[in-house]
Structures are given as C-alpha cells and as structure tokens.
Amino acid sequence: MIRRYPDSFAAVLQQCEEIFRPGIRELDLYQTTSSKVVRHWILRRLCWCLAPARKEHPMEFPIPESLKIEHAELHAELVDATTAGGRVGEAAKEVARRLHRHFVREEEFALPPLALLGVLATGKFASGMADVLPLTDRLEAELSGMLGEHKEIVAALGDLVAAAKAENMPKYTVFAQKLVLHARTEEEVLYPAAILVGRYVKRVLGR
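If you're wondering where the values come from, they're calculated on a predicted model, not measured in any experiment. (Residues numbered from 1 in each chain as written. Predicted model: local features only at pLDDT ≥ 70, side-chain atom pairs only at ≥ 80, totals over all residues. Heavy atoms only, no water.)

Draft legend 1. Molecular detail of the overall build of the protein. Broken down by element type, the protein carries eight helices and zero strands. Element order for the protein, N to C, with α for helix and β for strand: α-α-α-α-α-α-α-α. Within the span of the protein, comprising 207 residues, buried residues form 35% of the whole. (Helix = DSSP H or I, 4+ residues; strand = E, 2+ residues; numbered from the N terminus. Buried < 20%, exposed > 50% of the residue type's maximum accessible area, 1.4 Å probe, protein only.)

Below you can see the structure in the form of structure tokens.
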C-alpha cells in the first residue's frame, strides 16, 4: 500500500499536534537545509504518527505518591547509615547493596499497578487499563524471587541492628526495624493488591 504524506512541514505539525512535539533541532534543520533528501527524511519521521495502525500511547501508572515518599525517606536514612563509619557503616553498605536492585524492580513493575486501586474501587474501567497486565503478570511470575530478596535484605538488616547496638547507635536500630516493617507491608498488602489489580482487569476483559 502506498502511504500519502502531507505536502508541507506545517501540515505535518498540524496533524501531529496532540501526539508529537518536534524538537528545535528538527525544526531548524528542516528550515535551513536545502537537501531534499534530508527534508523528506524529516517528513517521513514525523508522518509516522499519522500511520493508521499506530498503537496509541500506553496508559501510564504512576506509583502512589505516599509510596514514593516512603521509599525516598528510607533511601535517605540508609545513605546516612552508610556514612556512619565503623561496623554500622559497613553493615549499612551491605543493606544498600541488596536493597538497591530490589527497589528498582519494585518501582519498575510491582508498585505501578497500585495506581489503579482507587479508580477500580469506584467501579470505573477503561480499556487502556489492560496495559497494566504485563506488569502484574511479571510480578506474579517473579514474586518468589522478590520474597527471596526480602529475606536477604532482612538478614542484612539483622547485622545492621547488631552493629548499631554494639556501637551504641540506636537510631540505626530504629531504621532497620522500620525497613523490616516496610518489607512485611509489601508482602502482606502491596504485592497481593497489585496482583489482584491484574486479575480484576483480566476478569473484566474476559481473559
């Protein structure tokens, strides 16, 4: 099939206004170049947004702000512990080593589905919510690994507690206990809730 392309740069921008914002570099290049090849390349690139079969932008699932703040606070406290020096500093660095990859994975696929909880609780539904299924499917598939990481993190936190008591730094004992409780909350509430979001969406879609 031969696809027709708009005849002018202005026509492309007008048709793509809602889904494409051209950069200054592309605009300057189009206006200053005398090369028909380069101009044609820019037009073809912009016209991709006009393709009939192009998939709409997937729905976004921002992590609930309360969870983002909690993660940020825990991370800041852990960074503080790593600078304490002595046994506490070394134990905190080991916690950080185990925790970093876990937090990244959580924020990649375990926590974003929770963005739908409030909407689904009101009975509202949109077909775009199906975009959450790759995230919830991955969480189900990798749940045992996530829980295993929790065990490793909690073990490292035990060492941090022992070091904090030995060096009389009680605030790091409190921090470790807070992080253990956070892990329990994820296991008992957040992960199951995220999985249920996926199963509910599948049920509504008849999958």
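Draft legend 2. Helix α8 (residues 170–205), seen in detail. The end-to-end C-alpha separation of α8 is 51 Å, in line with the 52 Å expected for 36 residues at 1.5 Å each. Its axis deflected by about 45° at E186, α8 carries its strongest bend there. Backbone geometry just downstream of α8 places G206 in the positive-phi region, at approximately 75°. (Expected span 1.5 Å × (residues − 1). Bend = angle between axes of the 7 residues up to and from the residue.)

Draft legend 3. Representation of the nonpolar core in the model. In this structure, L114, L116, V132 and V201 are the most contacted members of the largest nonpolar core, which totals 22 residues. Residue assignment for this core shows that the elements contributing at least two residues are α5 (86–110), α7 (133–166) and α8. Per element, the largest residue contribution to this core is seven residues, and it comes from α8. The contacts of V201, once residues within four sequence positions are left out, are L120, F125, M129, A130, V132 and L133. Counting 20 residues, the second-largest nonpolar core is a separate cluster that includes V88, Y172, A176 and L179. (Core = buried A, V, L, I, M, F, W, Y, C linked by side-chain atoms within 4.5 Å. Contact = heavy atoms within 4.5 Å.)

Draft legend 4. Structural context of the environment of R101. Within the element layout of this structure, R101 appears in helix α5. In sequence terms R101 and E149 are 48 residues apart; their C-alpha atoms lie 9.4 Å from each other.

Draft legend 5. Just a nonpolar patch on the surface, in detail. A cluster of nonpolar side chains, F125, Y200, V204 and L205, forms an exposed patch at the surface whose accessible area comes to about 310 Å². As for its placement among the helices and strands, L205 is situated in helix α8. (Patch = residues over 30% accessible without salt bridge, like charges linked within 9 Å, V, L, I, M, F, W, Y side chains within 5 Å. Areas by Shrake-Rupley, 256 points an atom, 1.4 Å probe, with all protein chains shown as cover. Salt bridge = Lys/Arg side-chain N within 4 Å of Asp/Glu carboxyl O.)

Draft legend 6. Spotlight on unusual backbone geometry. Here N168, not a glycine, exhibits a phi torsion of approximately 55°, which is positive. Assignment of secondary structure puts N168 in the loop between α7 and α8. A relative accessible area of 65% means that N168 is categorised as exposed.

Draft legend 7. Representation of the side chain of H71 within the structure. With respect to the helices, strands and loops of the structure, H71 is situated in helix α4 (residues 65–82). Here the side chain of H71 touches E107 through a polar contact of 2.8 Å, side chain to side chain. The residues touching H71, leaving out its near neighbours within four places in the chain, are F103, E106, E107, L111, H182 and E186. (Polar contact = N/O pair within 3.5 Å; in protein donor to acceptor, adjacent residues only side chain to side chain.)

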